[in-house]
Amino acid sequence: MRLDKFLSECHLLSRKESSRAVKCGRITVNGRQTVSADMSISPDTDEIALDGTPVSYNKFIYVMLNKPEGYVSATEDSSLPTVVELLSEDLQKFKPFPCGRLDRDTVGLMILTNDGELSHLLLSPKRHVPKKYLFKSADPLPLGAEQSFENGVILADGYECKSAKIELSEDRSGGIITLNEGKYHQIKRMVAALGSKVTYLERIEFSGIALDKNLGRGEYRHLTEDEVKALKNAVNRK
Ligand code: URA
């Protein structure tokens, strides 16, 4: 494998930055500085270091995206832009997909990965991975909404939601909802069952990982090693 390809696939640098890092002498292969980006290396046996720190090859990517409105949570769509299209071409080559869905008009934290097993475990209904949302509603929610959420809201189609938590703002027209399941349009339907309509919805946490406040809408970054570890721990995977 070419050295610059290896470096960009470690997800620390883009392909362009990788070539530049090699040319600037920041890379060593088995302790020796090299300036040839096309050098052939073996990810299994060669030790590659960037500025003296060994880098490890990782075929999986884990990205935190601050989803803007108007994008669908899918890898392709015949007419609408997808969240995957917000990632660089370099990242799209790893075939990432959204870990779970947000509605087209919902904004905020979305994790994209190509680690199918982890995604499957995180989304499994058996796991109850918590997700936190900030919401606003057209009307104040009735007294007793907190208890209804705790007891399990009954949706218009008769489905009884799992126990959830709602923390309302003073005017009761917004707040934070924490869910332990992920049914289609769940928050919109829960709020509708209490007689109002969601006017704004933003996911702010997924399995204990908070949306990075430094990310503007449409921006993304790789998850840190600790964040990836936390996701794996949440589903007992190494
Ligand atoms: N609940 C909804 O209604 N929509 C979302 O996008 C997420 C949760």
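Participant: Explain the layout of surface pockets residue by residue, including any values.
Facilitator: A volume near 690 Å³ is recorded for the largest pocket. Along the wall of the largest pocket there are 33 residues; nearest its centre are Gly100, Arg101, Gly182, Lys183 and Tyr184. Along the lines of polarity and charge, the residues of the lining of the largest pocket split into 15 nonpolar, 9 polar and 9 charged. Domain assignment of the residues forming the lining of the largest pocket places at least three in each of domain 2 (62-125 + 216-234) and domain 3 (131-206). Volume-wise, the second largest pocket comes out at about 560 Å³. Considering the residues around the second largest pocket, the lining is formed by 18 residues, among which Cys10, Ser56, Asn58, Leu223 and Glu225 are closest to the centre. Per-class residue counts for the lining of the second largest pocket are 10 nonpolar, 5 polar and 3 charged. Each of domain 1 (3-54) and domain 2 (62-125 + 216-234) accounts for three or more of the residues forming the lining of the second largest pocket.

Participant: Describe the sheet that holds strand β2 (residues 32-33), and please don't skip the residues or the numbers.
Facilitator: Strand order across the open sheet formed by 4 strands is β2-β1-β3-β4, with antiparallel pairing between neighbours. Edge positions in the sheet fall to β2 and β4 (53-54), since each of these pairs with one other strand and no more. As defined by bridge partners, strand β1 (residues 27-29) adjoins strand β3 (residues 48-50) across 3 bridges and the pair is classed as antiparallel. Bridge assignment links valine 29 to a residue of β3, and that residue is isoleucine 48.

Participant: Talk me through the pairing of strand β7 (residues 107-113); I want residue IDs and the actual numbers.
Facilitator: With 7 of 7 residues buried, β7 lies mostly within the body of the structure. Of the pairings in the sheet, the one linking strand β5 (residues 62-67) to β7 comprises 6 bridges and is antiparallel in character. Bridging across to β7, leucine 65 finds its partner in methionine 110. Note: strand β6 (residues 97-98) against β7, 2 bridges, orientation antiparallel. Following the sheet pairing, phenylalanine 97 is matched in β7 by threonine 113.

Participant: Got a sec to walk through the packing of aromatic side chains? Specific residues and values, please.
Facilitator: Summed over the entire model, instances satisfying the criterion amount to 1 aromatic pair. Across the ring face of tyrosine 200, the terminal group of lysine 136 is positioned such that the distance to the ring centre comes to 4.9 Å.

Participant: Tell me about the domain arrangement of the protein, residues and numbers included.
Facilitator: How big an interface is tends to be expressed through the accessible area that disappears when the partners come together. The domain architecture assigned to the protein consists of domain 1 (3-54), domain 2 (62-125 + 216-234) and domain 3 (131-206). Placing a centre on the C-alpha atoms of domain 1 and another on those of domain 3 gives a separation of 49 Å.

Participant: Mind laying out the pattern of salt bridges, listing which residues take part and the relevant values?
Facilitator: If you walk through the whole model with that rule in mind, you get 11 salt bridges. In this structure, aspartate 157 engages arginine 189 in a salt bridge whose closest nitrogen and oxygen atoms are separated by 3.3 Å. Here the residue aspartate 157 occupies a position in the loop between α5 (145-151) and β9 (165-168), and arginine 189 occupies one in helix α6 (residues 186-193), the gap between them amounting to 32 residues. Judged by its relative accessible area of 55%, aspartate 157 is exposed. A residue is classified by how much of its surface remains accessible, and arginine 189, at 27% relative accessible area, is partly exposed. Notably, a salt bridge pairs aspartate 212 with arginine 221, separated by 2.6 Å at the nearest N-O pair. With a relative accessible area of 18%, aspartate 212 lands in the buried category. Overall, the relative accessible area of 22% leaves arginine 221 in the partly exposed class. Residues participating in the shared-partner salt-bridge network are Asp103, Asp105 and Lys188.

Participant: Can you tell me about the site of the ligand, naming the residues and giving the values?
Facilitator: Taken together, Leu102, Asp103, Thr106, Tyr133, His185, Gln186, Ile187, Lys188 and Leu201 make up the full set of residues adjacent to the ligand. Note that an oxygen atom of the ligand is positioned 3.4 Å from one of the backbone N or O atoms of glutamine 186. Between lysine 188 and the ligand, the recorded distance is 3.0 Å, taken from a backbone N or O atom to an oxygen atom. When the ligand is considered free in solution it has 240 Å² of accessible area, and contact with the protein chains removes 95% of it. Spatially, the ligand is embedded in the largest pocket. For the shell around the ligand, the element with the highest residue contribution is α6, accounting for 3 residues. Here the shell around the ligand is composed, by residue class, of 4 nonpolar, 3 polar and 2 charged.

Rules of the game
- Residues numbered from 1 in each chain as written.
- Predicted model: local features only at pLDDT ≥ 70, side-chain atom pairs only at ≥ 80, totals over all residues.
- Heavy atoms only, no water.
- 1 Å grid on protein atoms, 1.4 Å probe; cavity = no way out; pocket = protein on both sides within 12 Å on 5 of 7 lines; lining within 4 Å.
- Points joined across faces, edges and corners; volume = space filled by probe spheres on them.
- Nonpolar A, V, L, I, M, F, W, Y, C, P; charged D, E, K, R; others polar.
- Domains from an automatic or database assignment.
- Pairing = 2+ DSSP bridges.
- Helix = DSSP H or I, 4+ residues; strand = E, 2+ residues; numbered from the N terminus.
- Buried < 20%, exposed > 50% of the residue type's maximum accessible area, 1.4 Å probe, protein only.
- Phe/Tyr/Trp six-rings, centres within 6.5 Å; stacked < 30°, edge-to-face > 60°.
- Lys NZ or Arg CZ within 6 Å of the ring centre and 35° of its normal.
- Salt bridge = Lys/Arg side-chain N within 4 Å of Asp/Glu carboxyl O.
- Near = heavy atom within 4 Å.
- Polar contact = N/O pair within 3.5 Å; in protein donor to acceptor, adjacent residues only side chain to side chain.
- Areas by Shrake-Rupley, 256 points an atom, 1.4 Å probe, with all protein chains shown as cover.
- Sits in = over half its atoms within 2 Å of the grid points.

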